[in-house]
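# Structure at a glance
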Amino acid sequence: MSDPTRPPAVGVLDQGPAITFPPGFLWGAATAAYQIEGAATAGGRTPSIWDTFSHTEGRTVGGHTGDVACDHFHRMPDDVRLMAELGLKSYRFSVSWPRVQPGGSGAANAEGLDFYRRLVDELLGHGIEPWLTLYHWDLPQPLEDAGGWPARDTAARFADYAQLVADALGDRVRYWTTLNEPWCSAFLGYGSGAHAPGRTDGADAVRAGHHLMLGHGLAVQALRASRPDAQLGITVNLYPVTPATDSPADADAARRIDALANRFFLDPVLRGSYPADLQADLASVTDFGHVRDGDLEIISTPLDLVGINYYSRHVVAAPVEGEQPEAYWRAPTCWPGSEDVRFVTRGVPVTDMDWEIDAPGLVETLERVHRDYTDLPLYVTENGSAFVDTVVDGQVDDTDRLAYFDSHLRAAHAAIGAGVPLRGYFAWSLMDNFEWAWGYTKRFGMVYVDYDSQVRIPKSSARWYAEVIRRNGLAAQ
Ligand code: IFM
């Protein structure tokens with residue numbers, strides 16, 4: 001018999017009862033500096049790896065860059081007013097490292113920090129809890145030139161930068177996440193090369209992943225020492241990984257991809273060790289000689305919360321001899337040592353990113369982290385979908401995105417019902433923005449952005465989300 005507390009197996013829900021979230025549930029929306037700020041050279045900001053990458057021919061669709069993006073740097077007070085109108089309880093943003101510490105080392109840039117001081121003041125003035133992410137992929141270019149995340153010293157530079165931001169904003173920001181989605185920084189940035197800095201070396205990707213986590217641990221220690229009252233965490237992007245069939249070979253493919261996608265980060269951060277099977281799978285790629293005594297203790301420095309970004313599920317199958325797997329992630333080195341695993345599509349509804357819509361995967365993910373790793377409070381720090389939007393008579397009726405949110409919020413509620421200490425949910429994204437290698441061709445926002453005029457139009461999903469926040473839950477459908 002099917003479990004009535006669970007959403008259906010795949011796709012969006014077309015009916016559901018009214019549900020209420022626990023009191024104090026933190027309703028928010030998220031963005032990231034390079035995706036919305038623009039003002040790439042304003043006030044002493046210097047290039048990050050994403051400036052360099054996006055300005056390199058052939059790296060982003062249409063040659064799009066974050067030079068202007070949503071011009072949030074100049075429109076910030078209006079954007080915060082919009083957040084207040086939507087009733088957001090919290091806003092998750094990231095600090096641009098090269099804006100506040102140009103070059104990635106040395107003194108702080110007062111003008112850059114001032115932008116974030118004003119942002120935080122504006123948020124607090126509107127009763128919106130600021131949630132600060134220190135690193136959402138914009139490594140200062142000189143640090144990349146010195147070796148980037150595969151180089152150990154970058155972790156120490158990151159801790160210095162964290163200290164500098166804590167000194168400036170620690171008195172007013174309670175919630176801090178160190179890294180956003182280190183898997184993407186490491187494996188898309190240094191493995192497949194689909195993201196900045198565009199390098200393609202599996203061993204570098206593994207080293208980058210380790211040094212990102214080391215930087216995270218060092219930053220947590222620095223933040224904890226200067227702000228003992230802060231709520232500290234990390235945001236990881238997790239996927240349930242399911243074998244395409246019940247064959248042992250497919251099960252093994254799923255185990256391998258799960259190790260690289262999920263356990264590579266969860267185990268060191270929450271258990272203080274790398275999974276043995278992961279190390280064995282990567283034996284042809286690296287001997288893990290970059291891991292020094294004491295690193296894993298630093299990486300597993302205790303946290304106050306875990307942020308989880310959830311979008312979809314991976315369904316995988318064993319390699320077929322003589323057949324190349326599809327270039328799904330612009331392989332080959334996005335999955336070092338497991339390049340030949342096949343990513344299978346199931347023919348279920350997908351978003352404009354071609355990501356399968358799978359709300360039950362959110363329940364599975366949250367339950368797994370709680371069951372297998374930690375009792376810490378969990379937050380969905382990103383969840384959302386890209387769809388093609390059309391403006392008709394000045395309105396955007398994004399029913400597909402609204403349905404995506406609805407089904408995933410029902411999944412989040414089911415997870416709470418199953419005992420998961422889920423304390424908040426951040427929609428990705430507040431507004432349409434620069435979707436990395438996809439440029440401005442993919443829209444994830446609840447607020448439509450006309451990139452020519454910079455006019456913002458709250459879509460149907462934004463008005464719906466405002467109502468969800470107001471009633472702290474969902475109406476019956
Ligand atoms: O836009 C990104 C975000 O920067 C990180 N998480 C996934 C989103 C959608 O791809």
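Please refer to the structure placed before this passage.
Residues numbered from 1 in each chain as written. Predicted model: local features only at pLDDT ≥ 70, side-chain atom pairs only at ≥ 80, totals over all residues. Heavy atoms only, no water.

### A closer look at the packing of aromatic side chains
Two descriptors summarise a pair of aromatic rings, namely the distance from one centre to the other and the angle between the planes of the rings. According to the stated counting rule, one finds 42 aromatic pairs in the structure shown. In textbook terms, an aromatic cluster arises when at least three aromatic residues are bridged by ring pairs, as seen for Tyr-34, Trp-50, Phe-53, Trp-137, Phe-434, Trp-436, Tyr-440 and Tyr-451. Against the face of Tyr-373 rests Arg-271, its NZ or CZ located 4.3 Å from the ring centre. For Lys-442, the ring lying beneath its charged end belongs to Trp-438, and the centroid distance is 4.6 Å. (Phe/Tyr/Trp six-rings, centres within 6.5 Å; stacked < 30°, edge-to-face > 60°. Lys NZ or Arg CZ within 6 Å of the ring centre and 35° of its normal.)

### Overview of the site of the ligand
Neighbouring the ligand are Gln-35, His-136, Trp-137, Asn-180, Glu-181, Tyr-311, Trp-355, Glu-382, Trp-428, Glu-435, Trp-436 and Phe-444. One nitrogen or oxygen atom from the side chain of Glu-382 is found 2.5 Å from a nitrogen atom belonging to the ligand. In the model, an oxygen atom of the ligand is placed 2.8 Å from a nitrogen or oxygen of the Trp-436 side chain. If the ligand stood free it would expose 280 Å²; the protein chains cover 95% of that surface. Counted by class, the shell around the ligand contains six nonpolar, three polar and three charged residues. (Near = heavy atom within 4 Å. Polar contact = N/O pair within 3.5 Å; in protein donor to acceptor, adjacent residues only side chain to side chain. Areas by Shrake-Rupley, 256 points an atom, 1.4 Å probe, with all protein chains shown as cover. Nonpolar A, V, L, I, M, F, W, Y, C, P; charged D, E, K, R; others polar.)

### Concerning the pattern of salt bridges
Counted according to the given criterion, the structure contains 40 salt bridges. Among the ionic pairs, Asp-295 bridges to Arg-152, the shortest N-O distance being 2.8 Å. Of this pair, Asp-295 sits in helix H12 (residues 295-299) while Arg-152 is found in the loop between helix H6 (141-145) and helix H7 (153-169), placing the two residues 143 residues apart along the sequence. On the basis of relative accessibility, which here comes to 1%, the residue Asp-295 falls in the buried class. (Salt bridge = Lys/Arg side-chain N within 4 Å of Asp/Glu carboxyl O. Helix = DSSP H or I, 4+ residues; strand = E, 2+ residues; numbered from the N terminus. Buried < 20%, exposed > 50% of the residue type's maximum accessible area, 1.4 Å probe, protein only.)

### What about the sheet that holds strand E7 (residues 241-243)?
Sheets are built from strands that pair by backbone hydrogen bonding, the pairs being arranged parallel or antiparallel. Spatially, E7-E9-E10 is the arrangement adopted by the three strands of the open sheet, whose pairing is mixed. The outermost strands of the open sheet, each flanked by one partner alone, are E7 and strand E10 (342-343). Where E7 meets strand E9 (residues 314-317), three bridges bridge the pair, whose relative direction is parallel. Within E9, the position partnered with Pro-243 by the bridge is Val-316. Where helix H10 (residues 248-271) meets the sheet, it contacts E7, E9 and E10, and its direction lies at approximately 170° from that of E7. (Pairing = 2+ DSSP bridges. Contact = heavy atoms within 4.5 Å. Axes fitted to C-alpha atoms, helices over the stretch in contact; angles between N-to-C directions.)

### Section: the nonpolar core
Core analysis: the largest hydrophobic core is formed by 135 residues, its most contacted members being Tyr-135, Val-165, Trp-176 and Tyr-465. With ten residues, the single largest contributor to this core is H10. Beyond its immediate stretch of four places on either side in the chain, Tyr-465 contacts Trp-27, Gly-28, Leu-88, Leu-409, Tyr-425, Ala-427 and Met-446. (Core = buried A, V, L, I, M, F, W, Y, C linked by side-chain atoms within 4.5 Å.)

### What to know about the environment of His-195
Among the secondary structure elements, His-195 is positioned in the loop between helix H8 (182-192) and helix H9 (202-226). For the pair formed by His-195 and Phe-115, sequence separation is 80 residues and the distance between their alpha carbons is 27 Å. Setting aside chain neighbours within four positions, we find His-195 in contact with Trp-50, Phe-53, Trp-137, Cys-184, Leu-188, Gly-189 and Trp-436.

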